[in-house]
Amino acid sequence: MLPIIRQMHDAESDEARAGVLLQLPDVVLVRHVAVFAKACRQGGLELGDLFIDMRRAEWLEAAE
């Protein structure tokens, strides 16, 4: 498991989880998007899940 994924799972607060998401390079998020989205849902970080959805939409728009 990548250390940044471990940080997301071990985060003790929404602020810590949000900090991990904000530091993620797109290449890592693209490769492990389901893992990070699941961690947000399990941790109750709705805004994190929304943030991931917004980044996904940006990738799709940029690919067009």
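Rules used in this analysis
Residues numbered from 1 in each chain as written. Predicted model: local features only at pLDDT ≥ 70, side-chain atom pairs only at ≥ 80, totals over all residues. Heavy atoms only, no water. Helix = DSSP H or I, 4+ residues; strand = E, 2+ residues; numbered from the N terminus. Rg over C-alpha atoms; globule rule 2.2 N^0.38 Å. Buried < 20%, exposed > 50% of the residue type's maximum accessible area, 1.4 Å probe, protein only. Contact = heavy atoms within 4.5 Å. Areas by Shrake-Rupley, 256 points an atom, 1.4 Å probe, with all protein chains shown as cover. Lys, Arg positive; Asp, Glu negative; His and termini not counted. Charge placed at Lys NZ, Arg CZ, Asp CG, Glu CD. Salt bridge = Lys/Arg side-chain N within 4 Å of Asp/Glu carboxyl O. Core = buried A, V, L, I, M, F, W, Y, C linked by side-chain atoms within 4.5 Å.

A. Structural context of the overall build of the protein. For the protein, the count of helices and strands is five helices and zero strands. Computed over its C-alpha atoms, the radius of gyration of the protein comes to 11 Å, within 12% of the 11 Å expected for a compact globule of 64 residues. Counting the 64 residues in the protein, one finds 31% classified as buried. Sequence-distant contacts in the protein: of pairs separated by 6 or more residues, those separated by 24 or more amount to 54%. Taken as a whole, the protein presents about 4,400 Å² of accessible surface, with 56% of it coming from carbon and sulfur. Side chains of the protein carry 7 positive and 11 negative charges; the gap between the two charge centres is 9 Å.

B. Main features of the pattern of salt bridges. All chains considered together, the criterion is met by five salt bridges. Residue D10 is joined to R6 by a salt bridge in which the shortest nitrogen-to-oxygen separation is 3.5 Å. In this pair, D10 and R6 are both assigned in helix 1 (residues 3-10), four residues apart and thus about one turn of the helix distant. Since its relative accessible area comes to 40%, R6 is described here as partly exposed.

C. A look at the nonpolar core. Formed by 15 residues in total, the largest nonpolar core has its most connected members in I4, M8, L21, L24, F36 and I52. When residues of this core are traced back to their parent elements, those giving at least two are helix 1, helix 2 (14-23), helix 3 (26-31) and helix 4 (33-43). When residues of this core are assigned to their parent elements, the largest contribution, five residues, is made by helix 4. Those residues in contact with L21, other than ones at most four positions away along the chain, are M8, F36, C40, L45, G48, F51, I52 and R55.

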